[in-house]
Amino acid sequence: MTQPNILELAKQGDAKAIALLLNRQLQAKGITAAASLKDGCLQVMLEAAEAPSQQVLAPWVSKSIAGLGAASIEKVKVYGRQTGAKVPAWSQEFEMAGLKLPVANVTEGRASFSENTESNQLSLKERAKLGDVEAIASLLNLPLQNKGTATATLQDGCLQVMLESDVVPDEEKEKLLLLESSA
């Protein structure tokens, strides 16, 4: 399958294509996703060496699925379990009614740096690497030091970043600050 075909299949509610897209984001963190669709309910199992974080990943999966806008998906059940366990450590259910918004609206995020330091939570950088646009916006706002605001949106697989400020920034200086913060 080529990239556009996977996305189109996922938008049509194809569980295998959805699992492929989720795995592209999650496997770098050692998390594997499996999905199945039955009677309008998409079940997504997230599996890792330690049970994945429900607080971070359940809403992320819900937003990701809602962003696809698949009419055949009415409900999403997300499960998390430790590799090899027969029973999930947690599960959470989401109704898709009212959540099927364009991707830009579902994933728009303004920065608010609130990294949770509990060991079972993903760090801000880890969430950004998983494609969490709110985390990306938060990281972009750190070097701006209240001189402006960064807003990030995800539209059709393209990350769009808007930098706003009352003053036109020194382009070279701001690039250096952004590059230093991403290191």
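These numbers were taken from a predicted model, which means no experiment stands behind them.

Examining the overall build of the chain
For step 1, the next point in the chain: Broken down by element type, the chain carries seven helices and seven strands.
For step 2, the next point in the chain: Put simply, the chain runs from its N terminus to its C terminus through helices and strands in the order α-α-β-β-α-β-β-α-β-α-α-β-β-α.
For step 3, the next point in the chain: Taking as baseline every contact in the chain between residues at least 6 positions apart, the subset at least 24 positions apart corresponds to 54%.
For step 4, the next point in the chain: Per element, the accessible surface of the chain, about 10700 Å² overall, is 52% carbon and sulfur.

Brief notes about the sheet that holds strand β3 (residues 75–82)
For step 1, the next point in the chain: If you walk across this open sheet you meet the four strands as β1-β2-β3-β4, and the pairing is mixed. Since the sheet does not close on itself, it has two edges, and those belong to β1 (32–38) and β4 (90–95), each with one partner. Each strand of the sheet is rotated relative to its neighbour by a mean of 15 degrees, with strand direction disregarded.
For step 2, the next point in the chain: Taken together, the six bridges between β3 and β4 define a ladder with antiparallel strand orientation. Within the sheet, the bridge partner assigned to Lys77 lies in β4 and is Glu93.
For step 3, the next point in the chain: Where helix α2 (residues 15–26) meets the sheet, its contacts fall on β1 and β2 (41–48), and the angle it forms with β1 comes to roughly 160 degrees.
For step 4, the next point in the chain: The strands that helix α3 (residues 54–68) touches are β2, β3 and β4; relative to β4, the one it contacts most, it runs at about 30 degrees.

About the criteria used
Residues numbered from 1 in each chain as written. Predicted model: local features only at pLDDT ≥ 70, side-chain atom pairs only at ≥ 80, totals over all residues. Heavy atoms only, no water. Helix = DSSP H or I, 4+ residues; strand = E, 2+ residues; numbered from the N terminus. Contact = heavy atoms within 4.5 Å. Areas by Shrake-Rupley, 256 points an atom, 1.4 Å probe, with all protein chains shown as cover. Pairing = 2+ DSSP bridges. Axes fitted to C-alpha atoms, helices over the stretch in contact; angles between N-to-C directions.

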